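# Structure assessment
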Amino acid sequence: MTDLTRRGFTSLLAGGLTAAVLPKPVFAATSVDLAARPGKARLVPDGYPETAIWGFDGQVPGPIIRVRQGEPVSRRFLNRLSQPSTVHWHGVRIDNAMDGVPDLTQSPVAAGDAFHYDFRVPDAGTYWYHPHTRSYEQMARGLYGALIVEEPQGAPEVDRDEVLLIDDWRLTETAQIADGFDNIHDWAHAGRIGNWITVNGDGRWRTTVSRNTRLRLRLVNVANARIFALATRGLEGWVVALDGMPLDAPQPLDSLVLAPAQRADLIVDVTAEDGKEAALVSRDRDGAFKIATFAVDGEARAERLATPKALPANPVAAFGALSSARKADLLMEGGAMGGMRGAMMGGRMMGIQQMAQAGKIWAFNGMADLPREPLIAADRGETIRIAITNDTAWPHAMHLHGHHFRQVMSGGSLGPLRDTLLMERGDKAEIAFVADNPGDWLLHCHMLEHAAGGMMTWIRVA
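For every chain, the first residue of its written sequence is number 1, and the numbers climb from 1 along that sequence. Reporting of local features is limited, given that this is a predicted model, to residues whose pLDDT is at least 70; pairs of side-chain atoms are given and counted only at 80 or more, and all residues count toward the totals for whole chains, interfaces and linings. Think of the side-chain values as coming from all heavy atoms in the structure, minus any hydrogens and water.

## Observations concerning the overall build of the chain
Basically, it comes down to this: Strands are runs of DSSP state E lasting at least two residues, helices are runs of H or I lasting at least four, and both sets are numbered from the N terminus onward. Atoms counted for the radius of gyration: C-alpha only. Globule rule: 2.2 Å times the number of residues to the power 0.38. With residues, only the protein chains shown are counted as cover, and all accessible areas are computed by Shrake-Rupley using a 1.4 Å probe. For the charge count, each Lys or Arg is scored as positive and each Asp or Glu as negative, with His and the chain ends excluded. One atom stands in for each charge, and that atom is NZ of Lys, CZ of Arg, CG of Asp or CD of Glu.
The helix and strand inventory of the chain stands at 5 helices and 31 strands. For the chain, whose C-alpha radius of gyration is 21 Å, the value lies close to the compact-globule estimate of 23 Å for 462 residues. The dimensions of the chain, computed from C-alpha atoms along their principal axes, are 65 × 50 × 45 Å. If you sum the accessible surface of the chain, you get close to 17900 Å²; carbon and sulfur atoms cover 48% of it. For the chain, the distance from the average position of its 47 positive side-chain charges to the average position of its 54 negative side-chain charges is 2 Å.

## Structural notes on the side chain of His404
Let me state the cut-off plainly: Counting of polar contacts relies on pairs of N or O atoms within 3.5 Å, with two restrictions inside protein: one atom must be capable of donating a hydrogen and the other of accepting it, and residues adjacent in sequence are counted only when both atoms are side-chain atoms. What makes two residues a contact is simply this: any of their non-hydrogen atoms within 4.5 Å.
Within the fold, His404 resides in the loop between β26 (396-400) and β27 (406-407). A polar contact is formed between the side chain of His404 and the backbone oxygen of Asp243, at a distance of 3.0 Å. Only 3.5 Å separates the side chain of His404 from the side chain of Asp419, close enough to count as a polar contact. Those residues in contact with His404 that sit more than four places away from it in its chain are Gly91, Arg93, Tyr127, Asp243, Met245, Leu417, Arg418, Asp419 and Phe433.

## Re the sheet that holds strand β16 (residues 255-258)
In plain terms, the rule: By this definition, two strands are paired if DSSP reports at least two bridges between them. As a rule, the C-alpha atoms of each element are fitted with a line to give its axis, helices using only the stretch in contact, and angles between N-to-C directions run from 0 to 180 degrees.
Ordered in space as β11-β19-β18-β13-β16, the 5 strands form an open sheet in which the pairing is mixed. The outermost strands of the open sheet, each flanked by one partner alone, are β11 (205-211) and β16. Across the sheet, the axes of successive neighbouring strands diverge by a mean angle of 25°, strand direction being ignored. Pairing analysis gives 5 bridges linking strand β13 (residues 228-233) to strand β18 (residues 277-284), with the strands arranged antiparallel. Paired with Thr232 across the bridge in β18 is Leu280.

## A few points about the pairing of β18
When β18 meets strand β19 (residues 287-299), the two strands line up antiparallel, connected through 8 bridges. In the strand pairing of β19, Leu280 is matched with Ala292. In this antiparallel pair of consecutive strands, β18 and β19, the connection spans 2 residues.

## Re empty space enclosed by the protein
Selection criterion: In this analysis, the protein atoms alone were mapped onto a 1 Å grid. Cavities are point sets where a 1.4 Å probe fits without being able to get out; pockets are open sets with protein on both sides within 12 Å along at least five of seven lines; lining residues have an atom within 4 Å of a point. Grid points are joined across faces, edges and corners, and a volume is the space filled by probe spheres set on the points. Under the grouping applied here, Gly and all other residues not named as nonpolar or charged are polar, the nonpolar ones being Ala, Val, Leu, Ile, Met, Phe, Trp, Tyr, Cys and Pro and the charged ones Asp, Glu, Lys and Arg.
Estimates place the volume of the largest cavity at around 70 Å³. As for the largest cavity, its lining consists of Ala140, Asp168, Trp169, Arg170, Ile177, Arg192, Ile193, Gly194 and Asn224. Across the lining of the largest cavity, the residue classes break down as 4 nonpolar, 2 polar and 3 charged.

Here you go:
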């Protein structure tokens, strides 16, 4: 297992792997300004320049917004960038007008303008916020932050609650963010994969703990396109929530895959010996790399605490009968090494070369980019099923706004509540959800270059 050092930075630039300390939480009460603006961050070890970034309040990550379930979030978004932007509150079952999707739920916020986001959070859990305008560039420059919703009661007994936002950056030899956000090769393949991994904007994130300390780790994959295969060393515990939603029972933690936009809440005990190190590890084809280190100093208690109870359930509507639920089909097409020859764009059929010249190389149901009509128009409270086929050579992280869904497994059983589903090449999957949140809601691939390249559709809830 490799530790990331200054010497390692230069070699990793060519192939693959992580400035600021995570900001203090902000508790919502009255409206607070949240500005998207340029800043500087120390993403890499000393000896290299600071990196020019775009960040909420000029920092990476942006401020933690921490509220209690049912409380309001009120933020006056100030756009201090050179291009339009918005804020999307990812995973929150929010009022449609507050969802931050340009030209679907609101107009883009022009450079120099402002927009007031004001909503209540119905569900406890781990969520986050990021732009939804040129997100493939704005997020790659550092625009994101955590939204943590505390349980009003029934919170787990832990010694510490740590929020870990995991990102990868494509950096130059001088530690600056590489240009080429519109690189058609990235868009047609796996997306913009970086060469430097950070946790909370720090390539060598580190904290001190004691043996048998119990931690709640809130993991968020904020990368444009990288899928993280994670494991732990010297930490043992359970997965208690996915994408903000509690599991029915804690599941033993072995390894964990997080697609872009997915989250996982872990409760772990530090089992490494005094004077040793525990770690969160990222695995890839080049080996295993420590991305978060927990240095062990002393002992918190003589023995580990008991197995935690399940987190309190969130108030998500119960499903209706799946056998009678209306169903829509979604075919994912396009990309490099795919069989798609063309798709509908702007009301006419275009060949793949014409599409590529227009920056579109992916399609849903033969349609590139956001269609005029919804994939499905649902009555409020109706249970909906969507059968998704990945007929491409690449994985995709499918994200539904405004709702959480369950995957319909073979035999009719249901998976855990999620808002983002990873689909590997050739996969077929079916999701079901209760369409109980009125409005027009985006459904798209959260590999950001894939969405910009055409993988977007929407649903309407009357």
